Amino acid sequence: TLDTTLAARSGTRLTVSNISGTVTIRSWGRNQIRVVAEYDRARVEVDESPGRVSVRTISRRGDAEVDYTITVPNNTSVEVNAVSSDVDVSGVCGAASLNSVSGDVNLVCGSGDVAVQSVSGDVSVSNLRGRLDAGSTSGDVAVNGVRGDVNAHSVSGDISLDAVDGREIGAETVSGSIEFAGRMADNGRYRFEAHSGDVTVRAAGSLNATISVTTFSGDFESDFPIVLTPGRRIQREWEFTLGNGGARVTLRSFSGGIYLRRGAGRAAPKREE
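The paragraphs below set out a description of the structure included in this document.

The rules behind these values
Residues numbered from 1 in each chain as written. Predicted model: local features only at pLDDT ≥ 70, side-chain atom pairs only at ≥ 80, totals over all residues. Heavy atoms only, no water. Salt bridge = Lys/Arg side-chain N within 4 Å of Asp/Glu carboxyl O. Buried < 20%, exposed > 50% of the residue type's maximum accessible area, 1.4 Å probe, protein only. Helix = DSSP H or I, 4+ residues; strand = E, 2+ residues; numbered from the N terminus. Patch = residues over 30% accessible without salt bridge, like charges linked within 9 Å, V, L, I, M, F, W, Y side chains within 5 Å. Areas by Shrake-Rupley, 256 points an atom, 1.4 Å probe, with all protein chains shown as cover. Lys, Arg positive; Asp, Glu negative; His and termini not counted. Charge placed at Lys NZ, Arg CZ, Asp CG, Glu CD. Core = buried A, V, L, I, M, F, W, Y, C linked by side-chain atoms within 4.5 Å. Contact = heavy atoms within 4.5 Å. Pairing = 2+ DSSP bridges.

## Quick word on the pattern of salt bridges
Taken as a whole, this structure holds 14 salt bridges when the rule is applied. With its nearest N and O atoms 3.9 Å apart, the salt bridge here joins Arg-191 to Glu-193. The partly exposed category is assigned to Arg-191, whose relative accessible area is 30%. Between Arg-261 and Asp-223 there is a salt bridge, and its shortest N-O distance comes to 3.2 Å. Placement of the pair is Arg-261 in strand E20 (residues 258–262) and Asp-223 in the loop between strand E17 (220–222) and strand E18 (237–242), with a sequence separation of 38 residues. Because the salt bridges share partners, they merge into one network encompassing Glu-172, Arg-191, Glu-193 and Arg-252.

Below, the structure written as structure tokens:
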């Protein structure tokens, strides 16, 4: 077991590299970084340099398992790179770059530029003010309570964006579904694309948007009255305007349904064919 505490000046950045195990990061009101590591067949290296504290797992065989519990000052910028390790960062509320290959990644509270990625794990982000890029190849992506621009992507997972308030919002998945609930700014740009899953959008408040809808074999339903723009319907493509048409909204699904709903909330259950 390693338990060490280092002084941390304002603006110090924490970087963590782990092979297997867990990485848990929390905050406190001290100008110190405490690193607690539980391990067996591994070596943990802690380096301190001006403006940075680096924590690394070192193993010649590459199978070392280390469980980290790290406490940092509030608003510390955090970077984590892991292979087979779950990552959980909560209450730090600074900029963050979190990556894992086969683990779940969770972030609660962030600001500034934030990137949260996993290959085969689930990704969840909540309570963020800033710009977010969140993605997983085969896992689900869940985003809740974000004020700022969001780019979310997956290949075979579902994407859920709830209580999201930004001017540039995009979500794309191949075989999963997409759900969005939030306010759409009059001058915002919103793009939601799924190949074989449903796309459900719940617009909070008034909606002033020019909306483009494309679906090959799925249904399209709207709670809003629709008047199609003359000459803009081509097979399964529609474009229509709500209010002053200020926002640009693109909704696409190849074989899934597209549902435009009023108000926030979970999507309705899929209908039986």
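## Overview of a nonpolar patch on the surface
Taken together, Val-83, Val-101 and Val-119 make up a surface patch of nonpolar side chains, about 210 Å² in accessible area. Relative to the assigned elements, Val-83 resides in strand E7 (residues 77–90).

## Here's the deal with a negative patch on the surface
A surface patch of negative charge is lined by Asp-86, Asp-104, Asp-122, Asp-140 and Asp-158. Considering the arrangement of structural elements, one finds Asp-122 in the loop between strand E9 (105–118) and strand E10 (123–136). Asp-122 sits in the partly exposed class, given a relative accessible area of 37%.

## Remarks on the nonpolar core
In this structure, Ile-25, Tyr-68, Leu-98, Leu-132, Leu-161, Phe-192 and Ile-211 are the most contacted members of the largest nonpolar core, which totals 65 residues. For this core, the element with the highest residue contribution is strand E14 (residues 178–194), accounting for 7 residues. Not counting chain neighbours up to four residues away, the residues in contact with Leu-132 comprise Val-114, Val-116, Val-125, Val-143, Val-146, Asp-149, Val-150 and Asn-151.

## Structural notes on the pairing of strand E8 (residues 96–100)
Consecutive side chains of a regular strand alternate in pointing toward one face of the sheet and then the other. Burial of E8 is one-sided: the residues Ala-96, Leu-98 and Ser-100 facing one way are buried, the residues Ser-97 and Asn-99 facing the other way are not. The pairing of E7 with E8 spans 5 bridges and is parallel. By the bridge assignment, Val-78 is partnered in E8 with Ala-96. Sheet topology note: the E8/E9 ladder contains 5 bridges and is parallel.

## Topic: the pairing of E14
Bridge analysis of strand E13 (residues 159–173) against E14 gives 13 bridges, and the strand direction is parallel. Of the residues in E14, the one forming a bridge with Ala-171 is Phe-192. Pairing geometry for E14 and strand E15 (residues 199–204), over 6 bridges, is parallel. What sits directly across from Phe-180, in E15, is Val-201. Where E14 lies against strand E19 (residues 247–253), 6 bridges are found, and the strand directions are parallel.

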